[in-house]
Amino acid sequence: MLEGRGLGKSFGRTRALDDVSLTISEGEVVAVTGPSGAGKSTLLHCLAGVVRPEAGEVLLDGRRIDSLPEPESTKVRRESFGVVFQFGELVPELTAVENVALPLLFSRRGRQEAMTAAAEWLARLEVSDCADQRIGELSGGQRQRVAVARALVTGPRVVFADEPTGALDTIGGEQVMSALISAARAGRAAVVLVTHDNRVAAYADREVALRDGSVLAGVQR
Amino acid sequence: MTTGHVLLGFLVERAKHGYELKKEHDHRLAGAKPLAYGQVYATLQRLERDGLAEVAETQQEGGPERTLYAITADGKAELERWLNAVEPSAPFVASPLFARVAVAGKDADGFLVLQREAHLARMRELTAEKASGSPAQVLAADYALHHLDADLRWIETALARMKEHDDA
Amino acid sequence: MITVSRMLNRGRSRAERVRAWLVAAGAAVATFLVCTAVRLADFEDEGGSLTGLALALLAVPVAGLVHQANRLASATRERRLAALRLAGAAPGDVRWLGALEGGVLALVGSSGGGVIYVLTHLSGPLLPVPVVVALVTLGGGVSGARAGRHVVASPLGVVRRARVRGPRVRDLILFGAGVGLFVLGAVVKGGFPFVGKYGSGVVMAAGLVLLLFGVTLAATWVVRACARRVGRRARLAEALLAARLVEADPRAWARALSVVSLTVFFGAMAGAQQAMVGYWQAHALVDVALLVALVTSAVALVVHQAEELIDLRRSFSALAASGVPESSLSGVLVRQAVIAASPVCVVAAVSGVAVVVVTTLDVYQVQWLGWAAGRAVVMAGVGVLAAVLVALAARPLLRGALSTDVRA
């Protein structure tokens with residue numbers, strides 16, 4: 001469903017990504033692993049349409065999305081993708097439920113509808129208690145679960161998660177991961193999971209290991 | 001004599017017979033190798049010989065004879081000592097994984113990549129088991145996961161070091 | 001301490017150099033305005049002193065800008081000051097560094113302004129110039145010392161967003177004292193026991209300044225109340241986000257808008273006055289001064305917008321990554337400007353007219369109100385428009401903040 005072919009990207013003289021190809025099927029959970037600086041986040045940004053690759057192409061259902069003009073690309077991101085970052089990157093001035101409702105409101109859904117859907121997602125991720133709290137009042141684990149809810153509320157085809165448990169302890173990370181995986185499976189969304197933590201990678205169906213911008217030989221199938 | 005200590009621990013609650021102890025062992029130490037009946041009875045006899053456990057009662061209700069074992073005061077003291085003893089940090093690395101890499105040197109990287117795959121596959125299984133497991137199983141899975149993770153990290157470091165040497 | 005200050009100076013970022021320029025330029029303008037005002041007030045002519053008063057009061061918005069500019073690039077500065085605290089600087093040391101930086105910049109700027117004034121008014125009395133320069137320098141130092149006070153309090157975990165504070169009793173006292181002094185001056189007129197015939201003018205001016213500070217502080221409350229109302233009813237994501245952002249930090253908006261509200265206030269006041277008495281030349285001068293003030297307000301808003309974008313960068317680029325178009329985010333900025341500026345400008349315009357009408361109730365004629373109200377509406381509109389234009393102009397800045405290519 002989502003495919004990257006021969007992706008390449010440089011930052012200055014550093015070759016962050018060099019001829020990387022991978023295919024992600026419907027509802028599949030794929031871990032992108034590797035030490036820091038291996039090009040994990042760059043690969044995720046290229047696939048998610050946040051960064052344009054210099055070489056290669058990205059296809060969603062056979063349609064090229066890496067060369068779309070910005071408004072189109074934005075539309076694809078909004079309708080088909082969800083993102084979770086290491087620190088959630090939620091809007092601190094909004095309450096948890098408002099943060100989750102935000103993508104729906106930006107898609108011009110009604111306030112009532114958006115708020116109801118957001119509350120349902122918070123309940124599914126067991127963070128209903130903090131619905132009306134601001135982000136600053138939440139614990140790291142709660143924040144990440146709110147971020148997962150925000151990524152999934154639009155019913156995306158693919159959820160991109162960049163070190164979603166990076167700032168959490170073992171138990172907190174585990175709760176966020178099981179919430180993310182089970183919610184994604186329930187919504188039949190694929191997950192691209194960038195992590196340097198093997199225990200997080202173990203939640204995935206398979207692994208794509210990167211070293212110095214390339215796929216490590218013998219691991220990808 | 002770890003199995004003996006584990007059985008003593010189960011006897012603190014009340015007197016139990018061998019079959020009960022085997023069931024409890026296999027449930028609470030999920031992930032460990034299941035105990036054989038013969039081993040249970042041999043261990044109980046050894047405990048009795050050392051004065052750490054004693055026969056409390058012999059029941060016979062139609063079926064085969066069943067012996068209830070109880071913990072003694074000495075047994076309690078021994079259990080207490082064991083629970084508070086610090087496990088010595090391993091002075092030597094004794095792992096086939098390490099030995100193989102030490103022998104193969106730089107040529108081990110192909111093997112390490114394959115080993116990594118195998119480890120990660122097992123970690124995936126364990127993670128999936130955790131989702132539906134009992135608390136005891138989750139505890140056991142966590143233990144295994146952390147150990148596999150430690151191996152994996154060492155493999156990563158080993159691969160990076162070999163590359164460093166190649167570059168140098 | 002001076003060594004440390006010079007070491008820090010060498011490592012300054014671009015934003016901090018902009019701040020230095022703004023502070024110095026603001027100090028120069030303020031010095032020039034006050035010197036001119038003092039000279040005009042020396043004339044034995046009521047029209048002249050009226051203009052002088054207006055000019056002197058315009059120095060207030062300029063001073064406001066200097067204070068605002070002192071807070072520019074505060075994120076970088078706060079991080080730096082926090083590091084200094086961790087490196088063993090006492091709170092007093094940090095305050096000293098701030099005062100030194102602000103004071104030196106103000107000294108350079110106001111000396112420049114003083115020189116320009118002296119060159120253009122060689123014949124006039126030059127005595128007030130050094131006094132004004134000294135006062136402006138002092139003001140710069142105090143402002144600089146206050147700019148880093150959050151950091152002074154907590155070296156670890158720099159307070160990025162201070163807790164929202166409602167209007168305090170102190171604000172109301174300021175407000176009340178201002179009104180009292182102004183009315184007192186207007187009522188007693190010439191019969192003051194000190195400063196001769198200018199006594200009432202001085203008291204009224206002091207009252208006005210207090211009143212305006214009170215209004216600015218109260219603006220925090222007005223802005224927050226308005227934002228809360230909008231937030232509760234918002235149907236669009238842009239409106240909800242804008243309202244919540246304003247609600248979370250109404251003080252920053254009130255501070256940035258203080259210069260705008262002062263301009264609107266004076267504009268409305270001048271309008272109400274112009275309807276009454278006919279010192280046309282003086283009025284024209286006041287209008288020119290208002291234009292200057294308007295430009296000043298715009299600069300203050302730009303400064304605030306830039307500061308805000310730095311704060312919003314992370315959450316906005318996360319939103320952009322999840323598919324929120326840039327135009328929507330720009331719409332958030334515009335809506336924020338409307339939500340914050342409308343109530344403040346309306347209140348400023350109404351109180352501007354009210355001050356004139358109330359103090360001259362015995363002679364004010366109803367037909368003058370039309371002109372006064374017209375001017376007030378125009379001034380309020382201009383104020384909101386300025387805020388919206390600045391928000392629109394911030395689009396390139398927004399694009400820069402969102403560009404993900406810079407982060408690997």
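Quick caveat, the model's predicted, so the values are computed rather than measured.

Each value, and the rule that gives it
Residues numbered from 1 in each chain as written. Chains lettered and ligands numbered in written order. Predicted model: local features only at pLDDT ≥ 70, side-chain atom pairs only at ≥ 80, totals over all residues. Heavy atoms only, no water. Helix = DSSP H or I, 4+ residues; strand = E, 2+ residues; numbered from the N terminus. Buried < 20%, exposed > 50% of the residue type's maximum accessible area, 1.4 Å probe, protein only. Contact = heavy atoms within 4.5 Å. Pairing = 2+ DSSP bridges. Phe/Tyr/Trp six-rings, centres within 6.5 Å; stacked < 30°, edge-to-face > 60°. Lys NZ or Arg CZ within 6 Å of the ring centre and 35° of its normal. Domains from an automatic or database assignment. Buried area = accessible area lost by both parts, 1.4 Å probe. Salt bridge = Lys/Arg side-chain N within 4 Å of Asp/Glu carboxyl O. Polar contact = N/O pair within 3.5 Å; in protein donor to acceptor, adjacent residues only side chain to side chain. Nonpolar A, V, L, I, M, F, W, Y, C, P; charged D, E, K, R; others polar.

A. Focus on the side chain of Ser-315 of chain C. Here Ser-315 of chain C shows up in helix α12 (residues 280-321). Given the relative accessible area of 5%, Ser-315 of chain C is considered buried. Excluding residues within four positions of it along the chain, Ser-315 of chain C makes contact with Glu-89, Leu-90, Val-91 and Pro-92 of chain A.

B. Just the sheet that holds strand β8 (residues 190-195) of chain A, in detail. Residue and element names in this part refer to chain A. Pairing within the open sheet is mixed, and its six strands lie in the order β6-β7-β8-β3-β9-β10. Edge positions in the sheet fall to β6 (81-84) and β10 (214-215), since each of these pairs with one other strand and no more. Pairing geometry for strand β7 (residues 158-162) and β8, over five bridges, is parallel. Paired with Ala-161 across the bridge in β8 is Leu-193.

C. Structural context of unusual backbone geometry. Residue and element names in this part refer to chain A. The phi dihedral of Glu-163 falls on the positive side, at around 45°, and the residue is not glycine. Examined against the element boundaries, Glu-163 turns out to sit in the loop between β7 and α6 (170-186). Judged by its relative accessible area of 11%, Glu-163 is buried. Unlike most non-glycine residues, Asp-212 shows phi in positive territory, near 50°. Following the sequence through the fold, Asp-212 ends up in the loop between β9 (206-211) and β10.

D. The packing of aromatic side chains, seen in detail. One pass over the full model with this rule turns up four aromatic pairs over all chains. A ring pair is formed by Phe-81 of chain A and Phe-160 of chain A, whose centres lie 5.0 Å apart and whose planes are at 85°; its orientation type is edge-to-face. Separated by 79 residues along the polypeptide, Phe-81 of chain A in strand β6 and Phe-160 of chain A in strand β7 bring together distant segments of the chain. Relative accessible area serves as the criterion here: at 1%, Phe-160 of chain A is assigned to the buried category. Look at Phe-32 of chain C and Tyr-117 of chain C: their rings are 6.2 Å apart centre to centre, the planes differ by 75°, and that puts the pair in the edge-to-face class. Linking Phe-32 of chain C in helix α2 (residues 14-42) with Tyr-117 of chain C in helix α5 (residues 91-120), this pair joins segments that are 85 residues apart in sequence. Classification of Phe-32 of chain C by relative accessible area gives partly exposed; the value is 28%. When its relative accessible area of 2% is taken as the criterion, Tyr-117 of chain C is described as buried. The ring of Trp-121 of chain A has Arg-124 of chain A lying over it, and the distance from NZ or CZ to the ring centre is 4.2 Å. We note Lys-22 of chain B situated over the ring of Tyr-37 of chain B; from NZ or CZ to the ring centre the distance is 5.7 Å.

E. Here's a closer look at the domain arrangement of chain B. Per the domain assignment, the segments making up chain B are domain 1 (2-84) and domain 2 (96-167). A straight line from the C-alpha centre of domain 1 of chain B to that of domain 2 of chain B covers 35 Å.

F. Structural context of the interface of chain A and chain C. Contact with chain A, which involves 27 residues of that partner, is made by 30 residues of chain C. Summing both sides of the interface, chain A and chain C together bury roughly 2700 Å²; the carbon and sulfur share of this comes to 60%. The largest share of the area that chain A buries against chain C comes from Glu-93, Phe-106 and Arg-111 of chain A, three residues that together contribute 26% of it. The tally of links from chain A across to chain C stands at three salt bridges. Glu-247 of chain C serves as the salt-bridge partner of Arg-134 of chain A, at 3.7 Å between the closest nitrogen and oxygen.

G. Structural detail: the sheet that holds strand β5 (residues 63-64) of chain A. Residue and element names in this part refer to chain A. If you walk across this open sheet you meet the four strands as β2-β1-β4-β5, and the pairing is antiparallel. Where the open sheet ends on each side, the last strands, each with one partner, are β2 (14-24) and β5. Two elements, strand β4 (residues 55-60) and β5, share two bridges in a ladder whose sense is antiparallel. If you follow Leu-59 over to β5, its bridge partner there is Arg-64.

H. How the structure looks around the interface of chain B and chain A. At the junction of the two partners, chain B supplies 17 residues and chain A supplies 20 residues. Counting across the interface, chain B meets chain A through seven residue pairs in polar contact (both at pLDDT 80 or more). Of the residues belonging to the side of chain B that touches chain A, the class tally is six nonpolar, two polar and nine charged.

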